[in-house]
Structure formats: C-alpha cells, structure tokens
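One letter stands for each residue in the lines below.
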Amino acid sequence: MLRPLSILLLALPLAACGAANGAPSNEGTDLAEAVAAAPREIVLESPETQFATWTVAKNGHAIHFANPGQPPLLTLDCRLDAKPITMAIIRHAPALPGQSALFAVMGNGHVSRLPAEPVVQENEWRWEASLPADDEGLDLFIGPGDMRATLPGRGAIAMQPSRIPGEFVEWCRAGGKTVNAPVEKPAPEGELSAG
C-alpha cells in the first residue's frame, strides 16, 4: 500500500513533465489516469537474422524479410495504384500513435534516413516510411551487398546479400512489369518453337 507522501512524490514528476512540454496542467487528474496516459517506451533488441530470407507476398506486390516460420521483420510494399507509384518500407515493430522516427537504411554504398510514422495495418501498429518508387533513396536495395535497417529503440536488422530486393524495386519502378525479361521471338513459318 502506498503512503500519501509516496503518491505525492510520484505525481510531482508527471506534473513537471506535462508543464515542461507545454501540456495542460494535471489539476484534477487522478494519479492512476496520469500513469495510464503516460507513454510506455518500448525498446527491442536487434533480432537474429542469420537464417532470414526474402519471400514474395501472396498478392505479389510486396516482399517480406523474415526468419523461417516467423512473422516479417521488414517489408517492401509496392503501391502501384498510388500516383506516383510508391514504395513503402515497413518495419514490423511495436509503435505508439503520435511517435515519429528516422529510419536509417544502408546498403550497396548508399544510406537513406527516411521519416517513419506509426501506421495501423492488418491489426498491428507498425512503422512505415513511404517514398516515390523512382526515388534514389531506394537504390540501396539494388546491388550485391548486404544491408542494414535501424529504427531507434527497435534494434537493427542485418540483411545478407540478395538479388530479390533490387529486382523488386526495379519491378515496382517499371509499374509492375518484368524488367529485362527474355523476349520470345516467333518461330519462322513452318517451324515449331521449343517448349
């Protein structure tokens, strides 16, 4: 059981924080309400990704980076219906409304610091940074090098070299058309094509 003095000492820092941030005073606020309303900071360790791989989403418009049998850690989502076509970089990690962060992604000689916002999608709060598909900031996904994505307080995701992210970015930039696909030439008249 807390003594009245202990309760008063707990309430003072909360009141000072609100006043210092220009928030309305806590006069008339119940201590339990103040504690419940206080932001709960979530800090995560960097996940182990030694065996994580990229897979294509069922709709074909996104790729997920995940450990085998686990939910995605990172998703690249191509939004072909957006004008201009947009690529969302999604970090599947807890988020709270009103937060914002710079999502640092580096790879293949490029570094991008993308403004990320919490978004509710598919029954989860997650971090999302969106930019036009032709933005140079996405070039870091193209190439043979490894990549790293860091979100403050949510750890860093290390990604081994893979051609899949680069091919996906190029596919998205081409409006969902296959890039550098082999073109089948029609067989001369009287000949059958192989296959």
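In the block above lies the structure referred to throughout.
Let us look at the structure shown here. Computed from a predicted structure; not experimentally measured. (Residues numbered from 1 in each chain as written. Predicted model: local features only at pLDDT ≥ 70, side-chain atom pairs only at ≥ 80, totals over all residues. Heavy atoms only, no water.)

**Some remarks on the overall build of the chain**
The number of helices and strands found in the chain is three helices and nine strands. Starting at the N terminus, the α and β elements of the chain follow one another as α-α-β-β-β-β-β-β-β-β-β-α. Taking contacts inside the chain between residues at least 6 apart in sequence as the whole, the part at least 24 apart equals 54%. A total of about 12,600 Å² of accessible surface is found on the chain, and carbon and sulfur atoms cover 57% of it. (Helix = DSSP H or I, 4+ residues; strand = E, 2+ residues; numbered from the N terminus. Contact = heavy atoms within 4.5 Å. Areas by Shrake-Rupley, 256 points an atom, 1.4 Å probe, with all protein chains shown as cover.)

**Things to note about the sheet that holds strand 2 (residues 62–66)**
In space, the nine strands of this open sheet follow the order 1-2-3-4-7-6-5-8-9, with antiparallel pairing throughout. At either end of the open sheet lies a strand with only one pairing partner, and these are strand 1 (53–56) and strand 9 (156–159). Averaged over all neighbouring strand pairs, the angle between strand axes comes to 25°, with direction disregarded. Looking at chain direction, strand 6 (residues 110–121) and strand 7 (residues 124–132) are connected through five bridges and run antiparallel. Looking across to strand 7, one finds that Pro-118 is bridged to Trp-127. Across the face of the sheet, helix 3 (residues 164–173) comes into contact with strand 1, strand 2, strand 3 (74–79), strand 4 (86–91) and strand 8 (147–150) while running at roughly 20° to strand 3. (Pairing = 2+ DSSP bridges. Axes fitted to C-alpha atoms, helices over the stretch in contact; angles between N-to-C directions.)

**Remarks on the nonpolar core**
Formed by 33 residues in total, the largest nonpolar core has its most connected members in Leu-74, Leu-76, Ile-89, Phe-103, Phe-141 and Met-159. Tallying contributions element by element places helix 3 first for this core, with four residues. Residue contacts for Phe-141: discarding those within four places in its chain leaves Leu-76, Ile-89, Val-105, Asn-108, Met-147, Pro-165, Gly-166 and Val-169. (Core = buried A, V, L, I, M, F, W, Y, C linked by side-chain atoms within 4.5 Å. Buried < 20%, exposed > 50% of the residue type's maximum accessible area, 1.4 Å probe, protein only.)

**Some points on the side chain of Arg-91**
Within the secondary structure, Arg-91 is located in strand 4. Put simply, Arg-91 is tucked away with no salt bridge, and the nearest opposite charge, on Glu-124, sits 8.6 Å away. (Lys, Arg positive; Asp, Glu negative; His and termini not counted. Salt bridge = Lys/Arg side-chain N within 4 Å of Asp/Glu carboxyl O.)

**With respect to the layout of surface pockets**
Within this model, the second largest pocket holds a volume of roughly 170 Å³. As for the second largest pocket, its lining consists of Ala-57, Asn-59, Ala-62, His-64, Thr-75, Asp-77, Ile-90, His-92, Glu-122 and Arg-126. Only strand 2 and strand 3 provide two or more residues apiece to the lining of the second largest pocket. Of the residues contributing to the lining of the second largest pocket, the split by class is three nonpolar, four polar and three charged. (1 Å grid on protein atoms, 1.4 Å probe; cavity = no way out; pocket = protein on both sides within 12 Å on 5 of 7 lines; lining within 4 Å. Points joined across faces, edges and corners; volume = space filled by probe spheres on them. Nonpolar A, V, L, I, M, F, W, Y, C, P; charged D, E, K, R; others polar.)

**A short note on the pattern of salt bridges**
Where charged atoms of side chains with opposite charge meet at close range, the side chains can pair. Applying the stated criterion to the full structure yields seven salt bridges. For the salt bridge of Glu-128 with Arg-79, the shortest nitrogen-to-oxygen distance reads 2.9 Å. Residue Glu-128 is located in strand 7, and its partner Arg-79 is located in strand 3; the two are separated by 49 residues in the primary sequence. Arg-126 is paired through a salt bridge with Glu-128; the nearest N and O atoms lie 3.9 Å apart. Residues Arg-126 and Glu-128 agree in their burial class; the two are buried.

**Things to note about the pairing of strand 3**
The buried fraction of strand 3 amounts to five of the six residues, a majority that puts the element mostly inside the structure. Bridging between strand 2 and strand 3 involves four bridges; their strand directions are antiparallel. Directly across from His-64, in strand 3, lies its bridge partner Thr-75. Of the pairings in the sheet, the one linking strand 3 to strand 4 comprises six bridges and is antiparallel in character. In the strand pairing of strand 4, Arg-79 is matched with Thr-86. Linking strand 3 back to strand 4 in an antiparallel pair, the connection comprises six residues.

**Examining the packing of aromatic side chains**
Across all of its chains, the model carries two aromatic pairs by this definition. Aromatic pair Trp-54 and Phe-65: ring centres 5.2 Å apart, planes at 50°, arrangement tilted. Residue Trp-54 is found in strand 1, and its partner Phe-65 is found in strand 2; the two are separated by 11 residues along the sequence. Taken individually, Trp-54 and Phe-65 each receive the classification buried, so the pair is uniform in this respect. Seen in terms of ring centroids, Phe-168 and Trp-171 are 5.6 Å apart; in terms of plane orientation they differ by 25°. Their pairing is stacked. Here Phe-168 pairs with Trp-171, and both are found in helix 3, just three residues apart, close to one helical turn. Its relative accessible area of 7% is what places Phe-168 among the buried residues. Exposure remark for Trp-171: the relative accessible area of 18% places this residue in the buried category. (Phe/Tyr/Trp six-rings, centres within 6.5 Å; stacked < 30°, edge-to-face > 60°.)

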